[in-house]
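Chain residues, written in single-letter form:
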Amino acid sequence: MNSHPAWTLVPAAVDDLERITDLKDQVMRADLERLGRWDPDRSRRRVADSFSTRWTSVLLVDGAFAGSVAVRPDPQGGRHLELFYLAPHLQGRGIGGAVLRRLLAEADAAREPVRLIVLQGSAARRLYERHGFTVVHEDPVDVHMYRPAPEPAPVTTPDQALTRLRDCAALWSGGAADGRVVVDAACEALVVGLDGPALRELAACSYREAATELHTLLPAAMAEQGLVFHPFGGDGAEEDVLRALAVAFLNGELTPRELTRAAHQRFGHELDAADPLSCLDDEYDTLAYSTRSRDEVDADVLAEARRLAGTDPAP
């Protein structure tokens, strides 16, 4: 069983501003005092200036308020992460890392970089560094960090383009990827020589339109190319998503632990095909008490991903 509490992100409401401000005071005061920058009035003004119900989400853990995060467009391009606070009693339980992984997966799906600012000496800096952020500028108080957008997976043949379109469609249908990755996959298919009116219409869809138009455009384009589209919840859909996650791992887009956690959180132990990865996710949680090493578990994840993706090496 997954040991992490159930959490979700929901859009913030105007009434959440006070709760977020109070939480910032709890989690940031010690660091700000250490830096000689604690000023309660200024701290509250900065939260109010950054808060927007359009960009801010509230973190609920087991249904109760537990934190916040805001992701807004950055003036330099890409996304800017701020107001990322987690209640003290929940820190150290993997929740902050899980939330960050989801936010970064969304940015990666849109192929957008992410920027943020962390206080000098903050323990959060190590979390961000583990997730690919590097320092681009720092002063006595703030550390400015940057995580680049991922490079698109190279597509060299029509068959590879069709496979990528199929996998992107599965991830989008299962809620594991933004619709923009589907539009990009359709564009890549055109570049390598695939064609058809439905595929061209899908590739011409704007990112803004993707959220509403893909439900109609994608099934038609896939049928035109001889691919089967499984709407999420239908027969075969969960296996499609699981296979696509395995392929993303094999392409270097997920770490072994990120793959097992994604499978565990999405399918638990109820889906037979996902159970081996969910069990391996449980193993990661108990490595400190196990006779097995992380490398051994990583190797098992690789073998399972190859099996799911149909790329088992020949005996």
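The structure presented is a predicted model; accordingly, all values stated were derived computationally and were not measured.

Caption draft 1: Focus on the environment of Ser-173. On the secondary structure map, Ser-173 appears in helix H5 (residues 158-173). For Ser-173, a relative accessible area of 17% puts it in the buried group. Sequence separation of Ser-173 and Ala-64 is 109 residues, and the distance between their C-alpha atoms is 28 Å.

Caption draft 2: Fine view of the nonpolar core. Counting 49 residues, the largest nonpolar core has Leu-165, Val-182, Leu-202, Leu-214, Leu-218, Leu-242 and Leu-277 as the members making the most contacts within it. Secondary-structure elements contributing two or more residues to this core are H5, helix H6 (179-191), helix H7 (197-203), helix H8 (207-224), helix H9 (237-250), helix H10 (256-267), helix H11 (275-285) and helix H12 (294-309). Considering every element that reaches this core, the biggest residue donor is H5, with eight residues. Setting aside its immediate chain neighbours within four residues, Val-182 contacts Leu-165, Cys-168, Ala-169, Trp-172, Leu-202, Leu-214 and Leu-218. Membership of the second largest hydrophobic core comes to 35 residues, among which are Val-47, Val-58, Val-118 and Leu-127.

Caption draft 3: Main features of the sheet that holds strand S5 (residues 114-119). Strand order in this open sheet of seven strands is S1-S2-S3-S4-S5-S7-S6, and the pairing throughout is mixed. Every interior strand has two partners, whereas the edge strands, strand S1 (7-11) and strand S6 (134-138), have only one. Adjacent strand axes in the sheet meet at a mean angle of 30°, parallel and antiparallel pairs treated alike.

Caption draft 4: Representation of the packing of aromatic side chains in the model. What the rule picks out here adds up to one aromatic pair. In this structure, Arg-180 is placed above the aromatic ring of Tyr-207, and the distance from its NZ or CZ to the ring centre is 5.6 Å.

Caption draft 5: Quick peek at the pairing of S5. Here S5 lies mainly inside the structure; five of its six residues are buried. Inspection of the sheet shows strand S4 (residues 79-86) paired to S5 by three bridges, in the parallel sense. Across the sheet, residue His-80 finds its bridge partner in S5, namely Arg-115. Since S4 and S5 lie parallel, the crossover through helix H3 (residues 95-109) that links them has a hand, and here it is right-handed. Two strands pair when backbone bridges link them, and S5 and strand S7 (residues 142-147) are joined in this way by six bridges, in the antiparallel orientation. Bridge assignment links Arg-115 to a residue of S7, and that residue is Tyr-146.

Parameters at a glance
Residues numbered from 1 in each chain as written. Predicted model: local features only at pLDDT ≥ 70, side-chain atom pairs only at ≥ 80, totals over all residues. Heavy atoms only, no water. Helix = DSSP H or I, 4+ residues; strand = E, 2+ residues; numbered from the N terminus. Buried < 20%, exposed > 50% of the residue type's maximum accessible area, 1.4 Å probe, protein only. Core = buried A, V, L, I, M, F, W, Y, C linked by side-chain atoms within 4.5 Å. Contact = heavy atoms within 4.5 Å. Pairing = 2+ DSSP bridges. Axes fitted to C-alpha atoms, helices over the stretch in contact; angles between N-to-C directions. Phe/Tyr/Trp six-rings, centres within 6.5 Å; stacked < 30°, edge-to-face > 60°. Lys NZ or Arg CZ within 6 Å of the ring centre and 35° of its normal. Right-handed = clockwise from strand over helix to strand, strands pointing away.

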